[in-house]
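In case you want the letters, here they are:
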Amino acid sequence: RLFNRDNNKYYLGDTKMKEKLLKIIVEVCEDDSVKDDCDLDLFEEGFLDSLGLTELLISIEEEFGVTISPTAYEKEQLSSVNKIISVLKEKGVTL
């Protein structure tokens, strides 16, 4: 279980969100090693490019029901699993 700073409680939803997101990212990046470090910069390490980001955002929309426009965020804000989770939380995604 992960600690949720918003309400100072342990919250299982963070783990479920991360698991779903990791599954999507592994599929888009076609590499299991992205699961090893959730702070890994997916662009710098060559796992994502602009086309991959578009595919990732479409998959996130389908899975989580939230639209993330690539023009609304800097690439840096979407560069790692943990940063994408933060964006999803900002967009109101909960599990």
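Residues numbered from 1 in each chain as written. Predicted model: local features only at pLDDT ≥ 70, side-chain atom pairs only at ≥ 80, totals over all residues. Heavy atoms only, no water.

J.: Just checking my understanding: could you explain the pattern of salt bridges for this structure?
T.: Once their charged atoms are close, side chains differing in charge can pair, the charge on each being opposite to the other. The final tally for this structure, using the stated rule, is two salt bridges. With a shortest N-O distance of 3.5 Å, Lys 20 and Glu 63 are connected by a salt bridge. Taken as a pair, Lys 20 in helix α1 (residues 12–29) and Glu 63 in helix α2 (residues 50–64) lie far apart in primary sequence, 43 residues in all. Under the relative-accessibility criterion, Glu 63 is labelled partly exposed at 40%. With a shortest N-O distance of 2.1 Å, Glu 76 and Lys 83 are connected by a salt bridge. Judged by its relative accessible area of 33%, Lys 83 falls in the partly exposed class. (Salt bridge = Lys/Arg side-chain N within 4 Å of Asp/Glu carboxyl O. Helix = DSSP H or I, 4+ residues; strand = E, 2+ residues; numbered from the N terminus. Buried < 20%, exposed > 50% of the residue type's maximum accessible area, 1.4 Å probe, protein only.)

J.: Could you clarify how one ought to interpret the environment of Val 34 in this entry?
T.: Here Val 34 lies in the loop between α1 and α2. For the pair Val 34 and Glu 45, spaced eleven residues apart in sequence, the C-alpha separation works out to 9.6 Å. Apart from the residues within four sequence positions on either side, Val 34 is in contact with Leu 22, Ile 25, Val 26, Cys 29, Leu 42 and Phe 47. (Contact = heavy atoms within 4.5 Å.)

J.: Can you walk me through α2 in this structure?
T.: Along an α-helix, residues three or four positions apart point the same way, because every turn accommodates 3.6 residues. The first and last C-alpha atoms of α2 sit 21 Å apart over 15 residues, in line with the 21 Å expected at 1.5 Å per residue. Those residues of α2 that fall on the buried side of the exposure criterion are Gly 52, Leu 53, Leu 56, Leu 57, Ile 60 and Phe 64. Taken down its axis, α2 places every buried residue within 135° of arc, on the same side. Projecting away from the buried face of α2 at angles above 90 degrees are the exposed residues Leu 51 and Glu 62. The N-cap of α2, judged by a side-chain oxygen 3.2 Å from the amide nitrogen of Leu 51 a few residues on, is Asp 49. Backbone geometry just after α2 places Gly 65 at a positive phi near 70°. (Expected span 1.5 Å × (residues − 1). Arc of directions from axis to C-beta. Polar contact = N/O pair within 3.5 Å; in protein donor to acceptor, adjacent residues only side chain to side chain.)

Functional significance is not addressed by these values, which are geometric in nature.
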